[in-house]
Amino acid sequence: MELKDPIISVKLRMPQPRKNYISRHALFEQLTKMTEYKVTLVKAGAGSGKTTLLSSFIKEKAPNNARWITLEDNANQVFIFWRYVLEALKDFIQDVKNDLFEYFDGNIQTEYLWHFLPLFINKINHDTNIILVLDDFHMITEPFLISTLDYFIENLPENLHLVLLTRNLPAIYLGSMAAEGSILVLEEEAIRFKREESMDFLINTMDLKEDNGHFNEMIEASGGWIVGLQLLAVSLKDRDSNAPWLSISDRMIDDYLTHEIFVYLSVEEQDFLVKTGILRYFNEDFCRRYLPEVSFLSMMESILKKNLFVIHMDESARVYRYHSILSEYLGKMADRLKDKEALQRLAAKIYYDAGDYEESLYHLFAVKDYGKIMEQLLSMPQTALTYAYMMKVPMEEIAGNVDFAFQYFFCYYAGTDAEVCEKIYWFVLNNIKENKIFEAFKHTDMFFSDFSNFRLVKVLSLDQIKELHLNPVTTSFLLIKEAYFLYATSHYNEALEYLTMAQETYHKTGNIYIGIYVMAVMTQIYEDIGELNICLKRYQEMESMLLEIPSLTSSYYIGISGVYIRQLKLHKAYETLEAARKSLPADSDNIEKAYLYTLAEYYYLAGENDKTEQILMEVIGGELSKNIYYCAKIIRYPICRGSHMELSKQFADSYENSEIDVKQMDCELLFATILLENNKEDKALEVINSLIITARKSQNKMKIIEGDLLKARILNRKGGNKREILNLFLESISYAVENEIAHPFWFEKDITEKLKKEFELDLKKKLTEEEWDFIMNMGKPEMNQESLRNCRDLCDLTEREIEVLKELAQGSSNKQIAAKLYISLATVKSHIINLYGKLGVNNRVAAVNKGLEYIRDKRSN
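The present account deals with the structure reproduced in this document. (Residues numbered from 1 in each chain as written. Predicted model: local features only at pLDDT ≥ 70, side-chain atom pairs only at ≥ 80, totals over all residues. Heavy atoms only, no water.)

## Things to note about the pairing of strand β4 (residues 160-166)
In terms of burial, β4 is largely enclosed, as seven of its seven residues are buried. Here β4 shows no split at all, with Leu160, Leu162, Leu164 and Thr166 on one side and His161, Val163 and Leu165 on the other all buried. Both strand β1 (residues 39-43) and β4 contribute to a ladder of five bridges, which runs parallel. Looking at the pairing, Lys43 lines up with Thr166 of β4. Looking at chain direction, strand β3 (residues 130-135) and β4 are connected through five bridges and run parallel. Across the sheet, Leu132 pairs through a bridge with Leu162, a residue of β4. For the crossover that starts at β3, traverses helix α6 (residues 143-154) and ends in the parallel β4, the hand is right-handed. (Buried < 20%, exposed > 50% of the residue type's maximum accessible area, 1.4 Å probe, protein only. Helix = DSSP H or I, 4+ residues; strand = E, 2+ residues; numbered from the N terminus. Pairing = 2+ DSSP bridges. Right-handed = clockwise from strand over helix to strand, strands pointing away.)

## Side note on the packing of helix α35 (residues 645-657) against helix α36 (residues 665-677)
Two packed helices can be described by the angle between their axes and the distance between those axes. Orientation of α35 relative to α36, taken along the N-to-C sense of each, is 125°, at an axis distance of 10 Å. Comparing the axis directions of α35 and α36 gives the class oblique. Seen along the crossing, α35 lies across α36 with a hand that is left-handed. Between α35 and α36, the residues in contact are Ser648, Phe651, Ala652, Tyr655 and Glu656 and Cys667, Glu668, Leu670, Phe671 and Ile674, respectively. Split into classes, the residues belonging to the contact of α35 with α36 amount to seven nonpolar, one polar and two charged. (Axes fitted to C-alpha atoms, helices over the stretch in contact; angles between N-to-C directions. Parallel < 35°, antiparallel > 145°, perpendicular 65-115°, else oblique. Left-handed = near helix turned anticlockwise from the far one by under 90°. Contact = heavy atoms within 4.5 Å. Nonpolar A, V, L, I, M, F, W, Y, C, P; charged D, E, K, R; others polar.)

## Here's the deal with the sheet that holds strand β5 (residues 183-187)
Strand order in the open sheet formed by five strands is β2-β3-β4-β1-β5, and the pairing between neighbours is parallel. Edge strands, defined here as strands with exactly one partner in the open sheet, are β2 (66-70) and β5. Across the sheet, the mean angle from the axis of one strand to that of its neighbour is 15°, orientation sign disregarded. In this structure, β1 lies alongside β5, joined through five bridges in parallel fashion. Its bridge partner being in β5, Leu41 is matched across the sheet by Val185. With respect to the sheet, helix α3 (residues 78-88) is in contact with β2 and β3, its orientation differing from that of β2 by roughly 155°.

## With respect to helix α45 (residues 799-809)
Working note: α-helix, 3.6 residues per turn, so residues spaced by three or four point in the same direction. Burial in α45 covers these residues: Glu801, Val804, Leu805, Glu807 and Leu808. Burial along α45 is one-sided: seen end-on, the buried residues are contained in an arc of 160°. Remark: Gly811 follows α45 within two positions and exhibits a positive phi of approximately 85°. (Arc of directions from axis to C-beta.)

## Some points on the packing of helix α28 (residues 532-545) against helix α29 (residues 553-566)
Their axes nearest at 11 Å, the elements α28 and α29 cross at an angle of 160°. Between α28 and α29, the angle is such that the two are roughly antiparallel. α28 and α29 meet at a crossing whose hand is left-handed. Across the interface between the two elements, Leu532, Cys535, Leu536, Tyr539, Met542 and Glu543 from α28 touch Tyr556, Gly559, Ile560, Val563, Tyr564 and Arg566 from α29. Residues of the contact of α28 with α29, tallied by class, amount to nine nonpolar, one polar and two charged.

## A word on empty space enclosed by the protein
The tally for this structure, following the rule as stated, stands at five cavities of 30 Å³ or more. Taken as a whole, the largest cavity encloses approximately 130 Å³ of empty space. Looking at the largest cavity, it is lined by 13 residues, and the ones nearest its centre are Arg566, Lys633, Arg636, Asp666 and Glu706. Secondary-structure elements contributing two or more residues to the lining of the largest cavity are α27 (512-528), α34 (636-640), α38 (701-718) and α40 (743-747). Sort the elements by how many residues they give to the lining of the largest cavity and α38 lands first, with three residues. Its residues assigned to classes, the lining of the largest cavity shows three nonpolar, one polar and nine charged. Its boundaries defined by the atoms lining it, the second largest cavity holds a volume of some 50 Å³. Of the residues belonging to the lining of the second largest cavity, the class tally is three nonpolar, two polar and five charged. (1 Å grid on protein atoms, 1.4 Å probe; cavity = no way out; pocket = protein on both sides within 12 Å on 5 of 7 lines; lining within 4 Å. Points joined across faces, edges and corners; volume = space filled by probe spheres on them.)

## Things to note about the packing of aromatic side chains
Scanning the entire structure with this criterion turns up 28 aromatic pairs. Relative to Tyr329, the ring of Phe262 lies with its centre 5.7 Å away and its plane at 70°, an arrangement referred to as edge-to-face. A residue pair is termed long-range when its members are at least 10 positions apart, and Phe262 in the loop between α12 (253-261) and α13 (267-276) and Tyr329 in helix α16 (residues 324-334) qualify at 67 residues. As far as the burial class goes, Phe262 and Tyr329 line up, both buried. Look at Phe282 and Tyr320: their rings are 6.2 Å apart centre to centre, the planes differ by 40°, and that puts the pair in the tilted class. With a gap of 38 residues between them, Phe282 in the loop between α13 and α14 (284-290) and Tyr320 in strand β7 (residues 319-322) connect regions that are remote in the sequence. (Phe/Tyr/Trp six-rings, centres within 6.5 Å; stacked < 30°, edge-to-face > 60°.)

## Overview of the nonpolar core
If you look at the biggest cluster of nonpolar residues, it comprises 201 residues, and the most contacted ones within it are Trp82, Phe120, Val393 and Phe745. Each residue touching Phe120, except ones within four places of it in the same chain, is listed here: Trp82, Val85, Leu86, Leu89, Ile93, Leu100 and Phe152. (Core = buried A, V, L, I, M, F, W, Y, C linked by side-chain atoms within 4.5 Å.)

Take a look at the structure:
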């Protein structure tokens, strides 16, 4: 069965006030002023009439512009809560293309809610006053959710007014609103019935006939507490007329319900109430399957006549739920049922068939049927709401469903939570080793760690992947993982084949995560093989996806900066690196490393050599021994400049002694360069010849160009054949011009300039006009004066880096900084690396001294 988005069902329907309700005119007069306030807070205990007060007010005074959300415990999760609010206010949002919904549903990283909320607020229609009632707001306690609510309330448009119905003082910050006079508060004393209202309630709402003085005693006993008065009224016909009227409170509610009301119901009525008491809403269609032996209409007629605590959610559709007072009582009674679990499984099935998948999940979670939960979640669209429920599944359960385990992992990966990814990875590896599907999960740690053991990886063939019989979405994630290993070991064409298959699933399912991860790996491949025009087109396609998955914005800008660097378009690289810096996530070590790596490369090309050294050493200082693949491209720069020769030796030793039995072209290129710098021309020529042959077979334009130019340098040093050197140079130009591949010529600028002069006449004869113009302007980075002036701005400290700097100034350890700023230890280290690089220092004391000077200068300017 193909599922639609999980519907939010009756949670967004305002409960209908009961017939002959009491119009609270004095309170209504106060509530009419709610549009003068940001927030109206109605705080009173259970059964005090908060819900009826607001629903009756809205029915009489504001029928068209009020929206209602009934909150339950599941709403105490940030994505679930805001999805409810977004759905509730959709009629007032200027979002014709549903961009806001796509943005929200594509985001599962909590940090990006800070981007969503301003967009949401700005898209709310300002033409009319809007009232949003949040019933049972005491359910909302989660700290991060509270912080987003504080921001939302602080920035509310003037025409949107929140009404919070709560039993307790809410956790949101009320101080500033109280000081500004922007909050209206109604507390329990104001809400309790006055004597006249109590009398009116008994006669008109409860339909009792006034006689023998009982009303006065009941009103006195209830103390104006509406539920108490209703309980006394319901029990009136069955009680001993001579029994005293005891004062009633919520602390004795269960005893009173049992002894004064429940005991006088028929066995059939008791059974119906208890079995429907575990439901959050029901109607005739539901009960026809749930309790087929019961005549629903006659049963509800009997219960409603007894004035029990039933709330009409939709009168025309006869959708009901019980008041929380009765619901909580019935829930305790249901705990004694032997078939409670079977009833909840049945309820889950009925809700599922009706299309209310969220309500179905509620009952499955209640009985901890994680097998069914995982199966159901896998069939739902991959939205923020679905992922929120995925995260509720305990990790120890995921080994039972490898499809789910794989997507559970990617759920946290998309949220850039490397720490949880690592826990999931090791849990799965330790619990499904005997399952052949274990092979699908192996080496998934490459997504969150500095993976470099490529010799251990045996990439699954397409046939092997098919034999695993995974669902299409899981298969696609597996194809992306295997494609990345193929790419990392320079098997570019095979990698593209895997990615194309995964992309087909994206086009069929619309799963945006598959689509954007396919694009992310594809763009890296096209950049590496020199298909820069195709690469830029893929980035254009990827850019349109960022609205749905904003958490990958920084990765997008870092990636496209690399393409501009290959074309020596440094003014564009500056703009995209600046955009990357502004969108860096607060807690993603790998993304920050990629940014610093690209930034160091940019500064080399811009001639800002003093800024590159510290970044370079901090970025790769501890990485080289762990991941020579990661470092191969960047350390070519200092080695070819004749500096940091210790890196040269370290890399060569690691490369020769690592027993790696796969070829990686960047490593081969660097190794050949090191051999040449150590005067081992013959060995260098052997390595580079092998690389060029492989590159030509696969039509890898970038490596053909880089290989040809390095070989030309080797042959020139050896006094080699001039014709061969010219042909290598001509080949490199012919492969470079279409995609404007300029970087290799800048890198080998000495040999490039020499050959341009030496073979000028030959080049004029053999090159087209386009090729001639290209090579004659080569080696000059395209950088305007504004970019040149502003390149220093890339070293400006971010707000988070300044926070880390202040902690360093107080002498905090890395662990203490992580705890205070709520970030991982790895991210603290990454921020300190940034500080060292940007400030041009190599220790904490120097960073603090120079950093505080930087802050003072900024303030004075």
